[in-house]
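# Descriptive analysis of the structure
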Amino acid sequence: MTERTEKTDIKSLTRKELTEEMGLLGEKSFRAGQLYGWMHEKLAAGFEEMTNLSRQFRETLQENYAYVTLEPVEVEISRIDGTRKYLFRLPDGLVIESVLMKYRHGNSVCISSQAGCRMGCRFCASTIGGLERSLRASEMLEQIYQIQKLSGERVSHVVIMGTGEPLDNYENLLRFLELLTGEGGLHISQRNVTVSTCGLVPQIRQLAKEGLQITLALSLHAATQEKRQELMPIAKKYQMPEVLAACEEYQKKTGRRMTFEYSLVRGVNDSREDARGLAALVGPLHGHVNLIPVNPVRERAFTQPEKKVVNDFKIHLENYGINVTIRREMGRDINGACGQLRKSYMEGRSQC
Ligand code: SAH
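Residues numbered from 1 in each chain as written. Predicted model: local features only at pLDDT ≥ 70, side-chain atom pairs only at ≥ 80, totals over all residues. Heavy atoms only, no water.

### Topic: the pairing of strand β11 (residues 215-219)
Burial analysis of β11 places five of its five residues in the buried class, the great majority of the element. With burial as the criterion, each face of β11 is covered, one bearing Thr215, Ala217 and Ser219 and the other bearing Leu216 and Leu218. Where strand β10 (residues 193-197) and β11 come together, four bridges link them in parallel fashion. Bridge pairing in β11 places Thr194 opposite Thr215. Following the backbone out of β10, through helix α6 (residues 201-208) and into the adjacent parallel β11, one traces a crossover that is right-handed. (Buried < 20%, exposed > 50% of the residue type's maximum accessible area, 1.4 Å probe, protein only. Helix = DSSP H or I, 4+ residues; strand = E, 2+ residues; numbered from the N terminus. Pairing = 2+ DSSP bridges. Right-handed = clockwise from strand over helix to strand, strands pointing away.)

Shown next as structure tokens:
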């Protein structure tokens, strides 16, 4: 019986690895540079497009490597602000969601790091069906490559805030960051990349040592351990003091200010007392607070506070000297919360 081995995913190889691979095939190192440019700068759809490589070499590549691409399934465009939500099919048939948001400072793409999620945050649509699998580096990159090609817009900022917990897919995330921000590809500035985490302490500490200049955002969502663990089961494993100490270490080692995300939920974490507690936690870290009025999810009972409550919460924080913004709700008219487009698509399919 012949053993079936999976072909190497060539788009997930770093530049150095690709050069080594080409060496093993007996190719000169400049071939690796050309190939890398086709994949990560010219965003070629397949080996057949790489016309300055010999036919024979392209055939060898085709035989030996998998060329991962995503298939666009659906796009929804907001009439309010032009935000676009994309649904992509992965090579194994699973679907994921990504979003293009246009800001004055540039175009930002929000990508998924996993299909589904196993963190179980109570207000989040992405976690309802659990984790299907983690994404490869190529599959994270392809979300950006496809969006750039489909929209014709140049992507300047990337946030890893779609479905999944990026630090639960650590090795692939680092590989992705290297390919995204390194030379010879899209070469996006590390400072324009934000990784959002629910607070996996060992991985935050590890990330602090990688020598990167990316922004780390912590999903805090509550000012006390009790409230946090009600909203986020992972908080039972990594408790508040431990998480905040890891954030402090991240700031010290990288010199980058943290962002703290706080989803405001009516009657749950939106009181004056909550604002005071939050200020006491993040004040000493001089971080930035991003307030997100919770996006209602059909399966969940959480609702947004009144506009005035949200504004008052912001003012309270500012009075304590906290740097704070209310996240502008993008694409409100197109399947609200993260993970909802994917979910409604899958539900639609299972009814067929
Ligand atoms: N797993 C990562 C990134 C994915 S979610 C994390 O937890 O940070 C990106 C952000 O959106 C997180 O802060 C998450 O808590 C928040 N979020 C998820 N569902 C939401 C909802 N329905 N309303 C508002 N924010 C939500």
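### Comments concerning the sheet that holds strand β9 (residues 157-160)
Strand order across the open sheet formed by ten strands is β3-β4-β5-β6-β9-β10-β11-β12-β13-β14, with mixed pairing between neighbours. Looking at strand neighbours, the two that pair on one side only are β3 (71-77) and β14 (323-326), the edges of this open sheet. Between one strand axis and the next, the sheet turns through 20° on average, direction left out of account. As paired elements, β9 and β10 share three bridges and run parallel to each other. When the sheet's bridge partners are listed, Val159 is paired in β10 with Thr194. Here helix α5 (residues 170-181) sits on the sheet in contact with β9 and β10, set at roughly 175° to β9. Contacts between helix α11 (residues 307-319) and the sheet are confined to β12 (259-264), β13 (288-293) and β14, with β14 contributing the most and set at about 170° to the helix. (Axes fitted to C-alpha atoms, helices over the stretch in contact; angles between N-to-C directions. Contact = heavy atoms within 4.5 Å.)

### Overview of the domain arrangement of the protein
In terms of domain boundaries, the protein breaks down into domain 1 (8-66) and domain 2 (71-350). For domain 1 versus domain 2, the separation of C-alpha centres amounts to 33 Å. On the side of domain 2, 15 residues touch domain 1, which itself brings 15 residues to the contact. Overall, the association of domain 1 and domain 2 removes approximately 1,300 Å² of surface from exposure, summing both partners, and the carbon and sulfur fraction of that is 50%. The largest share of the area that domain 1 buries against domain 2 comes from Lys11, His40 and Leu43, three residues that together contribute 42% of it. Inspection of the region where domain 1 meets domain 2 yields three salt bridges. Note that Arg175 and Glu17 form a salt bridge whose closest N and O atoms lie 2.6 Å from each other. If you look at where domain 1 meets domain 2, you find nine residue pairs in polar contact (both at pLDDT 80 or more). At the level of secondary structure, the elements contributing two or more residues to the side of domain 1 that touches domain 2 comprise α1 (15-24) and α2 (29-40). Per-element accounting of the side of domain 1 that touches domain 2 gives the leading share, four residues, to α2. (Domains from an automatic or database assignment. Buried area = accessible area lost by both parts, 1.4 Å probe. Salt bridge = Lys/Arg side-chain N within 4 Å of Asp/Glu carboxyl O. Polar contact = N/O pair within 3.5 Å; in protein donor to acceptor, adjacent residues only side chain to side chain.)

### A short note on the site of the ligand
Residues in close proximity to the ligand total 18 residues, the closest being Glu165, Ser196, Ser219, His221 and Asn295. Between the ligand and the protein, one listed contact pairs a nitrogen atom with a side-chain N or O atom of Ser263 at 3.0 Å. For the ligand, a nitrogen atom lies 2.8 Å from a polar atom in the backbone of Asn295. Within the complex, the protein chains bury 96% of what would otherwise be the 530 Å² of accessible surface of the ligand. (Near = heavy atom within 4 Å. Areas by Shrake-Rupley, 256 points an atom, 1.4 Å probe, with all protein chains shown as cover.)

### Quick notes on helix α10 (residues 272-282)
Every α-helical turn comprises 3.6 residues, leaving residues that sit three or four positions apart pointing alike. For α10, the set of buried residues is Asp274, Ala275, Leu278, Ala279 and Val282. For α10, the angular spread of buried residues about the axis comes to 135°, placing them on one side. For α10, exposure combined with an orientation more than 90 degrees from the buried face picks out Arg272 and Ala280. Looking at the buried side of α10, the elements it contacts are α7 (225-231), β12, β13 and α11. (Arc of directions from axis to C-beta.)

### Considerations on the packing of aromatic side chains
Applying the stated criterion across every chain yields a total of three aromatic pairs. In this arrangement the basic side chain of Arg15 is found over the ring face of Tyr36, its NZ or CZ atom lying 5.2 Å from the centre. Above the ring of Trp38, the side-chain terminus of Lys42 is found at 4.1 Å from the ring centroid. (Phe/Tyr/Trp six-rings, centres within 6.5 Å; stacked < 30°, edge-to-face > 60°. Lys NZ or Arg CZ within 6 Å of the ring centre and 35° of its normal.)

### Points about the state of the cysteines
All told, the structure shown has zero disulfides when counted by the stated rule. Not part of a disulfide, Cys121 finds its nearest cysteine sulfur in Cys198, a span of 5.6 Å. What makes Cys121 buried here is its relative accessible area of 10%. (Disulfide = S-S within 2.5 Å.)

### Some points on the pattern of salt bridges
Across all of its chains, the model carries 20 salt bridges by this definition. Note that Lys102 is salt-bridged to Glu153, the shortest N-O span being 3.1 Å. Within this pair, whereas Lys102 is found in strand β5 (residues 95-103), its partner Glu153 is found in the loop between α4 (137-151) and β9, the two being separated by 51 residues in sequence. For Lys102, a relative accessible area of 27% puts it in the partly exposed group.

### Some words on the nonpolar core
The biggest cluster of nonpolar side chains holds 94 residues, and the ones touching the most others in it are Ile10, Leu35, Ile144, Phe176, Phe260, Val289 and Leu317. With seven residues, the single largest contributor to this core is α5. Built from parts of two domains, this core gets at least three residues from each of domain 1 (8-66) and domain 2 (71-350). Ignoring anything within four residues of it in the chain, the contact list for Phe260 reads Leu218, Leu220, Leu244, Cys247, Val282, Leu285, Gly287, His288, Val289 and Asn290. Counting residues in hydrophobic clusters, the runner-up holds seven residues, among them Val99, Cys110, Val159 and Met330. (Core = buried A, V, L, I, M, F, W, Y, C linked by side-chain atoms within 4.5 Å.)

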